[in-house]
Amino acid sequence: MSIDKSDLLYEIRRFAAEVVGLAAPSWAKGRAPDPVLFRKAADLGLFRLQVPHSEGGLGMGFMHKAYACKALAAADFGFAMSVVNTHNVAARIASSGSDETRASFLPALLWGESSACTALTEPAAGSDIAAMQTRATKAGGKWVLNGEKCWIVNARHASTAIVYAQTADQGDIDGIAAFVVDLTASGCRRYATSSDFAQSSAGTGGFVLTDLTLPEANMILAPGQGFRSIMEEINGARTYVAAMCCGMMEAGLRHASAHGASRRAFGKPLSAHQGWRIPLARAETALAAARALTDIAIAAVHAGHDAQLQAALAKVAATDAATTHLPALLHAMGAEGLDTRYPMARHLAAAQIATLVDGSTEMLLERIARLARPIPHTSN
Ligand SMILES: Cc1cc2nc3c(=O)[nH]c(=O)nc-3n(C[C@H](O)[C@H](O)[C@H](O)COP(=O)(O)OP(=O)(O)OC[C@H]3O[C@@H](n4cnc5c(N)ncnc54)[C@H](O)[C@@H]3O)c2cc1C
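Along every chain, residues carry numbers that run from 1 in the direction the sequence is written. The predicted origin of the model limits local features to residues at a pLDDT of at least 70 and limits the giving and counting of side-chain atom pairs to 80 or more, whereas totals for whole chains, interfaces and linings rest on all residues. The basis for the side-chain values is all heavy atoms of the structure; hydrogens and waters are excluded.

**Concerning the packing of helix α4 (residues 77–96) against helix α6 (residues 225–262)**
Point 1. Lines fitted to C-alpha atoms define the axes, with helix axes restricted to the stretch in contact, and inter-axis angles between N-to-C directions lie between 0 and 180 degrees. Here a helix means four or more residues in a row that DSSP labels H or I, a strand means two or more in a row labelled E, and each is numbered from the N terminus. α6 packs onto α4 with a crossing angle of 155° between their chain directions and a minimal axis gap of 12 Å. Relative to α6, the element α4 lies roughly antiparallel. Here α4 runs over α6; the crossing is right-handed. Residues Phe77, Ala80, Met81, Val84, Asn88 and Arg92 of α4 form the contact with α6, whose own contacting residues are Ser229, Glu233, Tyr240, Met244 and Met248.
Point 2. Residue classes follow a fixed rule: Ala, Val, Leu, Ile, Met, Phe, Trp, Tyr, Cys and Pro count as nonpolar, while Asp, Glu, Lys and Arg count as charged, and any other residue, Gly among them, counts as polar. Partitioned by chemical class, the residues of the contact of α4 with α6 number 7 nonpolar, 2 polar and 2 charged. Relative orientations are named as follows: roughly parallel for angles under 35 degrees, roughly antiparallel for angles over 145 degrees, roughly perpendicular for angles from 65 to 115 degrees, and oblique for any other angle. Note on convention: the crossing is left-handed when the near helix lies turned anticlockwise from the far helix by less than a right angle, right-handed when the turn is clockwise. Any two residues having at least one pair of non-hydrogen atoms within 4.5 Å are treated as being in contact.

Below, the structure is given as C-alpha cells:
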C-alpha cells in the first residue's frame, strides 16, 4: 500500500497536537512518556520514515523526517529528539547492519517496542569528538568495549545503541569505528542524567561499558568510516534541529497571539496595544528568516548535496531566533505563560539545549566562517 506523504504529515501534526502536547506537561515535572506513545508513533510510521521498503520501512527522504521532527517539537522537543534518535539508529542498522544485527535489533525498533541512541559524547570529549577515549580492542575474534558515554538522548531506556569508539591511538580520527551494542547486556551500567533542562521526554542519560564483548558482526562502521559518517550525517541532524526550533517558535507565537487576543488590560485586548505587539512582530521576523534558511538546508540534504554551510546557517539562525524570542513570547503572556498547560517554559529550555546538540553554536560559527569566507593562503 502506498502512503500519501501529505496525509502522513497531517496525521503526525495531529498526533503532536492532540496526544504529545497533552501528555507533555507531566514530562516537565519529571515523568517519563508512557511507552504506549512510542507504539502510537510507530503506528504512524515515525520509526520507519527513511528505512528502505526492503527492510519494512517507508522508503521516504530526509524532507519528510525534517518536517515530522518540526511537527513533533512544536509539542515537545524532547519527545521529538527521542523519536528521531530511535529512527536514525533503525535506519543506520537497516542500511549498514549485518544480517544478524538487522534480524536481532530492527523489528523492535521499527514498531516502537524498544528505543535506541547514538553515543558519541563522553565526560572528556564533547565538541572535540576526536578526543573520545572509549576503546574497542579485538580479542579472540570479538570486540571488547570499555569507556563511558554521557548526555545521550534515550540512554535511560534504550535497549540498543550505536556506540562510537577508538580502535587506534587517541585522537586518530581514522581509528574511530561504530558498534551496535545491546545496552541490556552485562558489562553495561547505565544512569539517568537529571537536570531541570534535560527534559525527561528526551530520556537523557549515560552508560559505562566495562569489558563489554561483541561479535565481529556488530561493527557497523569500520575504522575510518566512523568519523566520516559522523561528519556526513551531522548536517542532517543540524537541519532537523533547526526545523524543531522553527516548530517551537511557531507554537510560541500561536499561544502568545491567542493569549493577546483574549486577555484584556486597560479596557482592551492586549493585542490592541501596539507596544505589546512589537515583540511578537520581532519574533515573527526572526522566525521567517530562520524558516527560509531551514527550508534551504532541508532541500539540500534531501537532494544529497553537500549541505555543511546550509545546515550550519540554518541551525545558528534557528537557535538564535528561539533563544532570543521564546523568552519574549513567554513574557508577553504574563504569569500565565509559566503555566504548564503551555509549552513556553519547556520550549525555552529546549531552545537552550538545541544550541549544544549536534554541534554547538561556536562550532557552527567556526564552520560558517571557514566555508563562507575561506582564509586565503599566504606564502609566509
Ligand atoms: C540534552 C542533551 C542531549 C544530548 N544528546 C546527545 C546524544 O544523543 N548523543 C551524543 O553523542 N551527544 C549528545 N549530547 C551532547 C552534545 O552533543 C554536547 O553537549 C556537545 O557536543 C557539546 O559538548 P560539551 O557539552 O562537552 O561542551 P564542550 O565541548 O566542553 O564545550 C563547552 C562550551 O565551549 C564552547 N567551545 C568548545 N570548543 C570551542 C572552541 N574551539 N572555540 C570556541 N568555543 C568552544 C562550546 O560551544 C560550548 O559552549 C547531548 C547534550 C544535551 C545537553
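Further notes follow.
**Quick notes on the environment of Gly359**
Point 1. Position of Gly359 among the secondary structure elements: in the loop between α9 (344–354) and α10 (361–372).
Point 2. Sequence separation between Gly359 and Ala139 is 220 residues, and the spatial gap between their C-alpha atoms is 34 Å.

**With respect to the nonpolar core**
Point 1. Here the nonpolar core consists of buried residues drawn from Ala, Val, Leu, Ile, Met, Phe, Trp, Tyr and Cys, with membership extended through side-chain atoms lying within 4.5 Å. Relative accessibility thresholds used throughout: buried, under 20% of the residue-type maximum; exposed, over 50%; partly exposed, between the two (1.4 Å probe, protein chains only). Ile12, Leu46, Leu72, Phe79, Tyr240 and Met244 are the most contacted members of the largest nonpolar core, which has 71 residues in total.
Point 2. Per-element accounting of this core gives the leading share, 12 residues, to α6.
Point 3. Boundaries between domains were set according to an automatic or database domain assignment. Each of two domains, domain 1 (5–115) and domain 3 (227–372), supplies a minimum of three residues to this core.
Point 4. In contact with Met244, other than residues within four places in its own chain, are Cys69, Lys70, Ala73, Phe77, Ala80, Met81 and Val84.
Point 5. Core analysis: the next-biggest nonpolar cluster, separate from the first, contains 24 residues, Ala116, Ala178, Val180 and Ile220 among them.

**Considerations on the pairing of strand β4 (residues 160–166)**
Point 1. Of all 7 residues in β4, 7 are buried; the element is thus mostly enclosed.
Point 2. Of the strand pairs in this sheet, strand β1 (residues 116–119) and β4 are connected by 4 bridges, and their pairing is parallel. The partner of Ala116 across the bridge, within β4, is Thr160. Any two strands with at least two DSSP-identified bridges between them are counted as paired.

**Focus: the domain arrangement of the protein chain**
Point 1. Taken domain by domain, the protein chain comprises domain 1 (5–115), domain 2 (118–225) and domain 3 (227–372).
Point 2. The distance between the C-alpha centroids of domain 1 and domain 2 comes to 22 Å.
Point 3. Summing both sides of the interface, domain 1 and domain 2 together bury roughly 1700 Å²; the carbon and sulfur share of this comes to 60%.
Point 4. Salt bridges are defined as contacts in which a side-chain nitrogen from Lys or Arg sits within 4 Å of a carboxyl oxygen from Asp or Glu. Across the domain 1-domain 2 interface, the total number found is 0 salt bridges.
Point 5. Throughout this description, a polar contact denotes any pair of N or O atoms lying within 3.5 Å of each other; where both atoms belong to protein, one of them has to be capable of donating a hydrogen while the other can accept it, and for residues adjacent in sequence the pair is counted only when both atoms sit in side chains. Applying the counting rule to domain 1 against domain 2 returns 12 residue pairs in polar contact (both at pLDDT 80 or more).
Point 6. Those elements that place two or more of their residues in the side of domain 1 that touches domain 2 are α4 and α5 (99–110).
Point 7. The element best represented in the side of domain 1 that touches domain 2 is α4, accounting for 11 residues.
Point 8. Broken down by class, the residue content of the side of domain 1 that touches domain 2 amounts to 10 nonpolar, 11 polar and 4 charged. A quick way to say it: buried area is the sum, across both parts, of accessible area lost when two parts are put together, with a 1.4 Å probe.

**Observations regarding the site of the ligand**
Point 1. The criterion for a residue being near a molecule or strand is simple. One of its heavy atoms has to lie within 4 Å of it. As a matter of local geometry, the ligand sits amid 15 residues, with Thr121, Ser127, Trp151, Ser360 and Glu362 nearest to it.
Point 2. A distance of 2.8 Å separates an oxygen atom of the ligand from a polar atom in the backbone of Leu120.
Point 3. Take Ser360: an N or O atom from its side chain is 2.5 Å from an oxygen atom of the ligand.
Point 4. Among the secondary structure elements, those contributing two or more residues to the shell around the ligand are β1, β3 (142–152) and α10.
Point 5. The residue makeup of the shell around the ligand, split by class, is 9 nonpolar, 5 polar and 1 charged.

**What about α6?**
Point 1. An ideal rise of 1.5 Å per residue puts 56 Å on 38 residues; α6 measures up with 56 Å between its terminal C-alpha atoms.
Point 2. Note that bend, as reported per residue, equals the angle between axes fitted to the 7 residues terminating at that residue and the 7 residues originating from it. Its maximal kink placed at Glu233, α6 deviates by approximately 30°. The span one expects for a helix is its residue count, reduced by one, times 1.5 Å.

**Observations concerning the packing of α6 against α9**
Point 1. Contact geometry of α6 with α9 gives a least axis separation of 10 Å together with a crossing angle of 155°. Taken together, α6 and α9 sit at an angle that is classed as roughly antiparallel. In this structure, α6 meets α9 at a crossing whose hand is left-handed. Across the interface between the two elements, Val241, Cys245, Met248, Ala251, Gly252 and His255 from α6 touch Met344, His347, Ala350, Ala351 and Ala354 from α9.
Point 2. For the contact of α6 with α9, a count of residues per class yields 8 nonpolar, 3 polar and no charged.

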